[in-house]
Amino acid sequence: MIRFAIVGTNWITRQFIDAAHETGAMTLHAVYSRSQSQADAFVADYPCQQTFTSLDALAACPEIDAVYLASPNALHCQQALLFMSHGKHVICEKPLASNLAEVEQMIACARKNQVVLFEAFKTASLPNFHRLREALPDVGKLRKALLSYCQYSSRYPRYLNGEHPNTFDPRWSNGSVMDIGYYCLAAAVTLWGEPEHVQASATLLESGVDAHGVVVLSYGDFDVTILHSKVSDSSLPSEIQGEAGTLVIEKLAECQQLIFAPRGGEKEVLSEPQHSNTMRYEAADFARLVEQRQVEHPALAVSRTTAALLTAIRRQTGVVFPADQAAV
């Protein structure tokens, strides 16, 4: 049984704990919070053996095997380095870090300490995403893909009212492409690898982060267009077009439904029912890697390429984080 700790006491942490317990391979051992009262309130719903208000003390605890990081993006690198240097496996919420330099640091640390580093990109672990990968040859020669994730943020009204929520604050390495555009970008990298060329545009808020944008990835004879926004909603599905047909994906991040529409033929539903907690599959993948001590795994290359693209996209659109200055 993998004894894990959590850093971050929010809704996504709760969802991960439930998912981890569903695997039958992991058990919550400790909770970290900057506030003892907040930690106590959290363990009222999720009982565990220990609570911590010190990251150093948590890292030094010999009874913890792994740590789930759901802290702000800007803190991912320094926290992951701390835990991995103490021999803890780390599953870190996406995006893995602020920029490529930080991601490379984290990967090097995982290798040095022979621990698993795993980016919590749940889409790649979903059964329907695996089904999508299997069905790709059915579309024939690839020509175009449109990957879309546009969702009006519940925190945007707070920003408009003069507040500074993390999701629109460059100090925390956030913004549209780092948050939800990430799903489309990492999905493209998982499916097709590193593109030959990337071109990006975005509309920036006064805070300095992107509100929405467009990314075009060129793979030679086919291209992928990514639409992302945190200030507008879309009901548009994603699709992958080939000369023999099209794959249509409802809500790419969760792969809720997958349909194959062959050219001139009848549409076919390829998707299958998935667990209601879609983090269940990424938790199982992480547990398997830890159990097998598989420090080198294919997802590391996806994380590195995605980080390189995110860094290039922000360079093109003018989004700069404090973490970028530290990496110079």
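In what follows, the accompanying structure is described.

Here is what the cut-offs are and how they apply
- Residues numbered from 1 in each chain as written.
- Predicted model: local features only at pLDDT ≥ 70, side-chain atom pairs only at ≥ 80, totals over all residues.
- Heavy atoms only, no water.
- Helix = DSSP H or I, 4+ residues; strand = E, 2+ residues; numbered from the N terminus.
- Expected span 1.5 Å × (residues − 1).
- Buried < 20%, exposed > 50% of the residue type's maximum accessible area, 1.4 Å probe, protein only.
- Pairing = 2+ DSSP bridges.
- Right-handed = clockwise from strand over helix to strand, strands pointing away.
- Core = buried A, V, L, I, M, F, W, Y, C linked by side-chain atoms within 4.5 Å.
- Contact = heavy atoms within 4.5 Å.
- Axes fitted to C-alpha atoms, helices over the stretch in contact; angles between N-to-C directions.
- Parallel < 35°, antiparallel > 145°, perpendicular 65-115°, else oblique.
- Left-handed = near helix turned anticlockwise from the far one by under 90°.
- Nonpolar A, V, L, I, M, F, W, Y, C, P; charged D, E, K, R; others polar.
- Phe/Tyr/Trp six-rings, centres within 6.5 Å; stacked < 30°, edge-to-face > 60°.

**Looking at helix α9 (residues 181-192)**
In this model, α9 (12 residues) spans 17 Å end to end at C-alpha, consistent with the 16 Å of a helix rising 1.5 Å per residue. When you tally the buried positions in α9, you get 12 out of 12 residues, the bulk of the element. Turning to α9, its buried residues are Gly 181, Tyr 182, Tyr 183, Cys 184, Leu 185, Ala 186, Ala 187, Ala 188, Val 189, Thr 190, Leu 191 and Trp 192. One or two residues past the end of α9 sits Gly 193, with phi positive at roughly 80°.

**What to know about the pairing of strand β6 (residues 117-120)**
Note on strand geometry: in a regular strand, side chains alternate between the two faces of the sheet. In β6, alternate side chains face the same way, and those of Leu 117 and Glu 119 on one face and Phe 118 and Ala 120 on the other are all buried. Bridge analysis of strand β5 (residues 89-93) against β6 gives 4 bridges, and the strand direction is parallel. Along β6, the bridge assignment pairs Val 90 with Leu 117. As for the winding sense of the linkage, the β-α-β connection from β5 through helix α5 (residues 100-113) to β6 is right-handed.

**Brief notes about the nonpolar core**
Core analysis: the biggest nonpolar cluster contains 50 residues, and Leu 132, Trp 192, Leu 217, Val 224, Ile 226, Ile 240 and Leu 247 have the highest contact counts within it. No other element matches α9, which puts 10 residues into this core. When residues no more than four places from it in sequence are discounted, the contact partners of Leu 247 are Leu 132, Ala 135, Leu 136, Val 139, Ser 238, Glu 239, Ile 240, Leu 258, Ile 259, Phe 260 and Leu 270. Ranked by size, the runner-up nonpolar core spans 32 residues in total, among them Ala 5, Ala 80, Phe 83 and Val 90.

**Some details on the environment of Ala 108**
For Ala 108, the position within the fold is in helix α5. For the pair Ala 108 and Leu 81, spaced 27 residues apart in sequence, the C-alpha to C-alpha distance is 9.6 Å.

**Focus: the sheet that holds strand β4 (residues 66-69)**
Taken in spatial order, the 6 strands make up an open sheet running β3-β2-β1-β4-β5-β6, and their pairing is parallel. Strands with a single pairing partner mark the edges of an open sheet, and in this sheet they are β3 (50-52) and β6. Direction aside, the axes of adjacent strands within the sheet are offset by 25° on average. Pairing of strand β1 (residues 2-7) with strand β2 (residues 26-32), which is carried by 6 bridges, proceeds in the parallel orientation. Note on β2: the bridge partner recorded for Arg 3 is Thr 27.

**Some words on the environment of Ala 57**
Mapped onto the fold, Ala 57 is located in helix α3 (residues 55-60). Among the residues examined, Ala 57 registers a relative accessible area of 36% and is labelled partly exposed. Residues Ala 57 and Tyr 32 lie 25 residues apart in sequence; the distance between their C-alpha atoms is 9.9 Å.

**Remarks on the packing of α9 against helix α11 (residues 298-317)**
Remark: α9 packs on α11, axes separated minimally by 9 Å, with the N-to-C direction vectors making an angle of 130°. When the axis of α9 is compared with that of α11, the two are oblique. The way α9 lies across α11 gives a crossing that is right-handed. Facing α9, whose interface residues are Tyr 182, Leu 185, Ala 186, Val 189 and Thr 190, α11 presents Val 302, Thr 305, Thr 306, Leu 309, Leu 310 and Ile 313. Looking at the contact of α9 with α11 residue by residue, the class counts come to 8 nonpolar, 3 polar and no charged.

**So, the packing of aromatic side chains**
A full pass over the atoms with the stated rule returns 15 aromatic pairs. Taken together, a centroid distance of 6.3 Å and an interplanar angle of 50° make the contact between Phe 121 and Tyr 183 tilted. One end of the pair, Phe 121, is in the loop between β6 and α6 (127-135); the other, Tyr 183, is in helix α9, with 62 residues separating them in the sequence. Judged on exposure class, the residue Phe 121 and its partner Tyr 183 are both buried. When the centroid spacing of 5.5 Å and the interplanar angle of 55° are considered together, the rings of Tyr 156 and Phe 168 count as tilted. Taken as a pair, Tyr 156 in helix α7 (residues 156-160) and Phe 168 in the loop between α7 and α8 (176-179) lie far apart in primary sequence, 12 residues in all. The two residues Tyr 156 and Phe 168 agree in class, both being buried. One aromatic cluster in this structure is built from Phe 121, Tyr 149, Tyr 182 and Tyr 183.

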